[in-house]
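Here are the chains, one letter per residue:
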Amino acid sequence: MPTNKQAKLRYDCLNKCFQNPNARYTFDDLKNKCSLYINSVLGMDVEISIRTLRDDIAFMRKQGAPIKCYKSAGIPYYRYANSSYSYNSDEMLSDSELQQLLDSIQILGRFNGMPQFEDVASLLEKLENSFKLDKSRAAIVCFDQNVDVKGKEHFKPLFDAIIAKAAIKVAYKPFADPKEEFTLSPYFLKQYSQRWYVFGSILEHPEWEIANLSLDRISKIKASKSRFVENQGVDFEKYFDDIIGVTKYKGEKVQTIKLKVDDSYAGYFLSRKLHWTQRPKLADDGTTTIKVCYNKELENKLFEMSAEVEVLEPLSLRKKIHDRLVIALEKHKMEE
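Residues numbered from 1 in each chain as written. Predicted model: local features only at pLDDT ≥ 70, side-chain atom pairs only at ≥ 80, totals over all residues. Heavy atoms only, no water.

**Q** Go over the overall build of the chain, please, and point to the residues and values.
**A** Along the chain, the regular secondary structure elements total nine helices and ten strands. Considering the chain as a whole, with its 336 residues, one finds that 37% of them fall into the buried category. Considering only contacts in the chain between residues 6 or more positions apart, those separated by 24 or more positions represent 60%. For the chain, the accessible area works out to roughly 20,600 Å², and carbon and sulfur atoms hold 51% of it. (Helix = DSSP H or I, 4+ residues; strand = E, 2+ residues; numbered from the N terminus. Buried < 20%, exposed > 50% of the residue type's maximum accessible area, 1.4 Å probe, protein only. Contact = heavy atoms within 4.5 Å. Areas by Shrake-Rupley, 256 points an atom, 1.4 Å probe, with all protein chains shown as cover.)

**Q** If you had to explain the sheet that holds strand E10 (residues 309-313) to someone new, which residues and values would you point to?
**A** A sheet is described by the order of its strands in space; here three strands give the open sequence E9-E8-E10, paired in antiparallel fashion. Strands at the two margins of the open sheet, each flanked by one partner only, are strand E9 (287-293) and E10. Strand-to-strand twist in this sheet, taken as the mean axis angle between neighbours without regard to direction, amounts to 35°. As judged from the four bridges shared by strand E8 (residues 254-261) and E10, these two strands associate in the antiparallel manner. Its bridge partner lying in E10, Lys258 is registered against Glu313. Sheet strands in contact with helix H7 (residues 263-271) are E8, E9 and E10, and its direction is about 135° off that of E8. (Pairing = 2+ DSSP bridges. Axes fitted to C-alpha atoms, helices over the stretch in contact; angles between N-to-C directions.)

**Q** Could you give an account of the pattern of salt bridges, with specific residues and numbers?
**A** By the definition in use, this model includes 13 salt bridges. Two residues, Asp56 and Arg10, come together in a salt bridge whose shortest N-O distance is 2.4 Å. Of the two residues, Asp56 is situated in helix H3 (residues 50-62) and Arg10 in helix H1 (residues 3-19); the sequence distance between them amounts to 46 residues. The residue Lys319 makes a salt bridge to Asp323 at a minimum N-O spacing of 2.8 Å. Within this pair, Lys319 and its partner Asp323 are both found in helix H9 (residues 315-331), separated by four residues, close to a single helical turn. Asp323 gets classed as partly exposed once you look at its relative accessible area, which sits at 31%. (Salt bridge = Lys/Arg side-chain N within 4 Å of Asp/Glu carboxyl O.)

**Q** Outline the nonpolar core, supporting the account with residue identities and numerical values.
**A** Core analysis: the largest hydrophobic core is formed by 24 residues, its most contacted members being Phe18, Leu30, Met60 and Ile67. Contributions of two or more residues to this core are made by H1, helix H2 (27-42), H3 and strand E2 (75-80). Dropping the residues within four chain positions of it, Phe18 is found in contact with Leu30, Ile57, Met60, Ile67, Tyr78, Arg79 and Tyr80. Counting 18 residues, the second largest nonpolar core, distinct from the first, contains Ile244, Leu259, Val292 and Leu302. (Core = buried A, V, L, I, M, F, W, Y, C linked by side-chain atoms within 4.5 Å.)

**Q** Give a description of H3 that names residues and reports values.
**A** The terminal C-alpha atoms of H3 lie 19 Å apart, and with 13 residues this matches the ideal 18 Å at 1.5 Å per residue to within 8%. Buried within H3 we find Thr52, Leu53, Asp56, Ile57, Phe59 and Met60. Down the axis of H3, the buried set is contained in an arc of 165°. They therefore lie on one face. Exposed residues lying more than 90 degrees from the buried face of H3 are Arg51, Arg54 and Lys62. One or two positions beyond H3, positive phi appears at Gly64, with a value near 105°. (Expected span 1.5 Å × (residues − 1). Arc of directions from axis to C-beta.)

**Q** Before we move on, could you go through the sheet that holds strand E5 (residues 195-202) and cite the residues and values that matter?
**A** Sheet architecture is open: five strands sit in the order E6-E5-E4-E3-E7, paired in antiparallel fashion. With partners counted over all chains shown, the strands left at the sheet margins are strand E6 (211-214) and strand E7 (218-223), one partner each. Put simply, the sheet's adjacent strands are angled 45° from each other on average, direction ignored. Pairing of strand E3 (residues 168-172) with strand E4 (residues 180-192) involves five bridges; the strand directions are antiparallel. Within E4, the residue paired with Lys169 across the bridge is Thr183.

**Q** Which residues make up unusual backbone geometry, and what values do they have?
**A** With omega at -5°, the peptide bond leading from Glu313 into Pro314 counts as cis. Of note, Ser193 is a non-glycine position whose phi angle comes to about 50°, a positive value. Here Ser193 is to be found in the loop between E4 and E5.

**Q** Could you give an account of the environment of Tyr197, naming the residues involved and the relevant values?
**A** Secondary-structure assignment places Tyr197 in strand E5. Each C-alpha atom, one on Tyr197 and one on Ser214, is 4.4 Å from the other, the two residues being 17 residues apart in sequence. With residues near it in sequence (within four places) discarded, Tyr197 still touches Phe188, Leu189, Lys190, Tyr192, Asn212, Leu213, Ser214, Leu215 and Val246.

Nothing here speaks to function; it is geometry throughout.
Shown next as C-alpha cells:
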C-alpha cells in the first residue's frame, strides 16, 4: 500500500485522538492507536515507528494543528489546545500528485544556473523526506541552459523589482556603445538564444518606448528613488508575435519574407518552424513565406541557413545576406 495512504490514515487517527478532551494519549498510546487503526483499515500488519510518529506530529503542527504536550503526574500526553479544531487530511496530495510534484521540482532543479531556483534542491530534499518520496529516480531531462552566462546574478533583483513595481538604477554597457546608467521600470523577463533580457521603460530615453537590455551587459543594479512608470498597455503575451528573437525596432512594419528551401533541407526546415506565420508545407517550387518585422535576429537566422535557404524577397534583406556572405567568403578563402 502506498506510503501516502498510510500517512492519511495516521493523520485521521491522530486527529481523533487529539480532539478527545477526555482522553490523555501518551506518545506510546498514539503509536499503538495508529498501528491498530491502519491494521484494521488495510488488513495488514503495520507497526508505526517512533520516528514516523514524531514526523507526523511535526508535520501536522507545521500545517497549523494546535497540538500541545501536557503533563499529568509527570507523564506527558498530547491533545489539541483548541478541542474544536479538526485536521483535514483530505487536503493532502495523493501519491500520484506528490510524484508529479516531485517530477516537476526535479525539472525545475535542472535550471541550476538560475538564481531564482537556487533553493529548489533543498525544497526537493524536504519534500522527499516529509512524504517518503522515491529518491532513487535519476534525472531524465536536461535543458539547454548556459550556466556560465554573465549577468545571471541580476535575474532575481530584476524579478523582484517587476513584482514590486519598483524603479531601479542600472549600469549598462552595450557591446559597441559607451557605458550608461539608466533608471529602469522593469516589466518583463525573456530568454532567447541562451541569454536573458529585461524589458521596461527607461526614464532617460522615453523615445525608446519599450527598452530591451541584455542581462550580461548589466554591471550593477541598485535601488532608485524615482517613481515607477507603469506599463502603458504593452501585452507581452503578444509583443513578440511579429518578430523573431527579442528586438523590435521603432517604426518597423511587418513584411512578407519569401524563402526558397532546398529539397534536401525541407524536412528539417519544416520540423522547426521559423515563425508561427510559416505555412505547414512548402509550395511546389520549394518556397514559403513568413510575416515578420525585420530585426538582426531574423537576419542572423537566415544567414545561418543561407547554404540551404535562399532569401527571395524583400530585396533589401536579400542584399544584407549577400553582403555578409561575400565578407564570409573572403575571410574563408582557401589558398591556391
